[in-house]
Amino acid sequence: MECSLQSAANLILQAETIVITAHVHPDGDSLGSMLALYQYLEAKGKNVQMLLDDTLPVLYEFLPGIQKIHRSTEPPIDADLLVILDASDEERIGKIGKLVKAAVLNIDHHISNTKFADYWYIDSAAAATGEVILAMLKLMDAQISPDMAVCLYTAIATDCGFFRYANTSAQTLRYAADLVECGVKPHLISEYVDVRPLSSLLILQKALGTLELYCNGKIAAITISQSLLDDDDSTEGLVNYPRNIVGVEIAILFKFVEAGVCRISFRSKNADVSRLALEFGGGGHIRAAGCTVKGTVEETKRKVIAAAKRQLQELPA
Ligand code: 5GP
Ligand code: MN
């Protein structure tokens with residue numbers, strides 16, 4: 001059932017035992033949103049825990065409270081409410097849906113949301129789920145602590161490319177200003193997010209060597225094959241390099257995950273890549289989307305590039 005932000009807030013405030021989760025392959029928005037809501041509910045004395053069916057990226061270790069996020073463990077648990085943040089379909093939360101027996105509230109900002117939950121609040125105009133969480137905390141008259149502000153600022157800033165992407169609105173900037181007033185130092189967050197291990201730069205070096213252009217330079221792809229990657233290497237942000245080439249409309253990153261599984265990130269300047277991702281079982285936003293596909297990297301590339309070409313043919317010249 002679709003609900004208003006006030007009803008979403010009421011559902012949360014009425015629940016005593018709450019589990020918060022978010023999508024696998026966690027990013028700044030999913031982690032920051034989870035942590036801010038968790039900190040508020042914990043301070044209110046709720047029985048609240050955070051579960052996430054994935055490993056946590058080293059990049060976000062600076063977020064206050066991140067060590068309290070647990071990877072799902074058996075056996076299944078009962079709760080009054082499972083709050084799913086920043087995830088647009090049921091598969092995006094991995095095993096958590098099966099492990100937690102509770103009414104499900106989904107708070108999200110993805111245009112591709114499948115409205116799978118018992119209750120949902122989806123604001124596709126919000127740059128980040130963090131914006132929606134901040135709006136809801138304001139409705140709840142919550143005091144935003146400096147730690148909550150760091151989490152929410154990171155959520156919002158990372159999902160709008162630090163206020164550069166098309167989803168950045170006047171409201172996004174107002175919220176960022178509010179969070180700076182609550183104690184956030186924007187330069188420190190940028191520093192945490194931008195500083196990478198040397199291995200990450202070496203991957204970039206190799207990945208750029210795989211650049212391929214199609215469709216008269218309107219599609220650009222880079223490919224991270226098995227041999228390029230170590231286990232915990234982050235490829236976050238890599239797809240922006242082909243995206244930023246003059247004349248490129250759709251950029252695609254193909255990444256080997258394991259034998260027969262390939263992960264794809266799409267970015268575009270105008271084309272709706274969420275449609276492209278949906279075609280392959282994923283989702284996302286108009287200009288940033290992704291999916292995980294069964295098949296070898298080479299097979300997957302052929303299919304996905306053919307689909308991207310078809311989509312470009314539909315765009316006005
Ligand atoms: P990224 O390329 O950074 O992994 O993802 C870009 C956007 O697409 C993010 O907003 C992310 O939530 C969404 N996205 C990425 N992969 C998937 C997926 O497998 N399923 C769905 N539904 N959304 C995805
Ligand atoms: Mn998000």
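Residues numbered from 1 in each chain as written. Chains lettered and ligands numbered in written order. Predicted model: local features only at pLDDT ≥ 70, side-chain atom pairs only at ≥ 80, totals over all residues. Heavy atoms only, no water.

K.L.:
Mind showing me how you'd approach the packing of helix H1 (residues 5–14) against helix H4 (residues 129–139) here?
P.N.:
A pair of packed helices can be characterised by two numbers: the angle between their axes and the separation between those axes. Packing of H1 against H4 leaves a shortest axis separation of 10 Å and a crossing angle of 75°. Judged by the angle between their axes, H1 and H4 are roughly perpendicular. Taking contact as the criterion, the partners of Leu 5, Gln 6, Ala 8, Ala 9 and Ile 12 in H1 are, on H4, Val 132, Ala 135, Met 136 and Leu 139. Residue composition of the contact of H1 with H4, grouped by class: eight nonpolar, one polar and no charged. (Axes fitted to C-alpha atoms, helices over the stretch in contact; angles between N-to-C directions. Helix = DSSP H or I, 4+ residues; strand = E, 2+ residues; numbered from the N terminus. Parallel < 35°, antiparallel > 145°, perpendicular 65-115°, else oblique. Contact = heavy atoms within 4.5 Å. Nonpolar A, V, L, I, M, F, W, Y, C, P; charged D, E, K, R; others polar.)

K.L.:
Can you help me understand the packing of aromatic side chains in this one?
P.N.:
Two numbers describe a pair of aromatic rings. These are the distance of the centres and the angle of the planes. Within this structure, the stated rule accounts for three aromatic pairs. Taken together, a centroid distance of 6.3 Å and an interplanar angle of 40° make the contact between Tyr 60 and Phe 62 tilted. The pair formed by Tyr 60 and Phe 62 is uniform in burial state, with each residue classed as buried. (Phe/Tyr/Trp six-rings, centres within 6.5 Å; stacked < 30°, edge-to-face > 60°. Buried < 20%, exposed > 50% of the residue type's maximum accessible area, 1.4 Å probe, protein only.)

K.L.:
Honestly, the coordination of the manganese ion (ligand 2) in this entry has me stumped. Any pointers?
P.N.:
For a metal with four tetrahedral donors the ideal donor-metal-donor angle is 109.5 degrees, whereas six octahedral donors ideally subtend 90 or 180 degrees. Ligation of the manganese ion (ligand 2) by protein atoms is provided by Asp 29 (OD), Asp 86 (OD), His 109 (NE2) and Asp 159 (OD), these donors lying 2.1 to 2.4 Å from the ion. Each donor residue of the manganese ion (ligand 2) belongs to the same chain, with the gaps between them written as D-x56-D-x22-H-x49-D. Note that Asp 86 is positioned in the loop between strand E4 (77–85) and helix H3 (96–99) and His 109 in the loop between strand E5 (100–108) and strand E6 (119–122), a separation of 23 residues in sequence. For His 109, a relative accessible area of 1% puts it in the buried group. (Donors = N, O, S within 2.8 Å, 3.2 Å for Na, K, Ca; no water.)

K.L.:
How should the pairing of strand E12 (residues 288–294) be read in this particular structure?
P.N.:
Every regular strand shows the same layout, with side chains that alternate between the two sheet faces. Where strand E10 (residues 261–268) and E12 come together, seven bridges link them in antiparallel fashion. The residue bridging Ser 265 from the neighbouring strand is Gly 290, located in E12. Of the pairings in the sheet, the one linking strand E11 (residues 283–284) to E12 comprises two bridges and is antiparallel in character. The residue bridging Gly 283 from the neighbouring strand is Gly 290, located in E12. (Pairing = 2+ DSSP bridges.)

K.L.:
What should I look at first to understand the sheet that holds strand E2 (residues 47–51) in this one?
P.N.:
Strands pair in a sheet through their backbones, by hydrogen bonds, and they do so in one of two ways: parallel or antiparallel. Read from one edge of the open sheet, six strands run E3-E2-E1-E4-E5-E6, paired in parallel fashion. Whereas interior strands pair on both sides, the edge strands pair on one side only; in this sheet they are strand E3 (69–70) and E6. Note that E5 and E6 share four bridges and pair parallel. The residue bridging Asp 108 from the neighbouring strand is Ile 122, located in E6. Against the sheet, H1 contacts strand E1 (17–22), E4, E5 and E6, and its axis sits at roughly 150° relative to E5. Here H4 sits on the sheet and contacts E4, E5 and E6; the angle it forms with E5, its principal contact strand, is near 100°.

K.L.:
What is the right way to look at the side chain of Thr 168 in this model?
P.N.:
Looking at the secondary structure, you find Thr 168 in the loop between helix H5 (146–159) and helix H6 (170–181). Within polar-contact distance, the side chain of Thr 168 engages the backbone oxygen of Tyr 165 at 2.9 Å. Those residues within four positions of Thr 168 in sequence are excluded, and the remaining contacts are Cys 160, Phe 163 and Leu 173. (Polar contact = N/O pair within 3.5 Å; in protein donor to acceptor, adjacent residues only side chain to side chain.)

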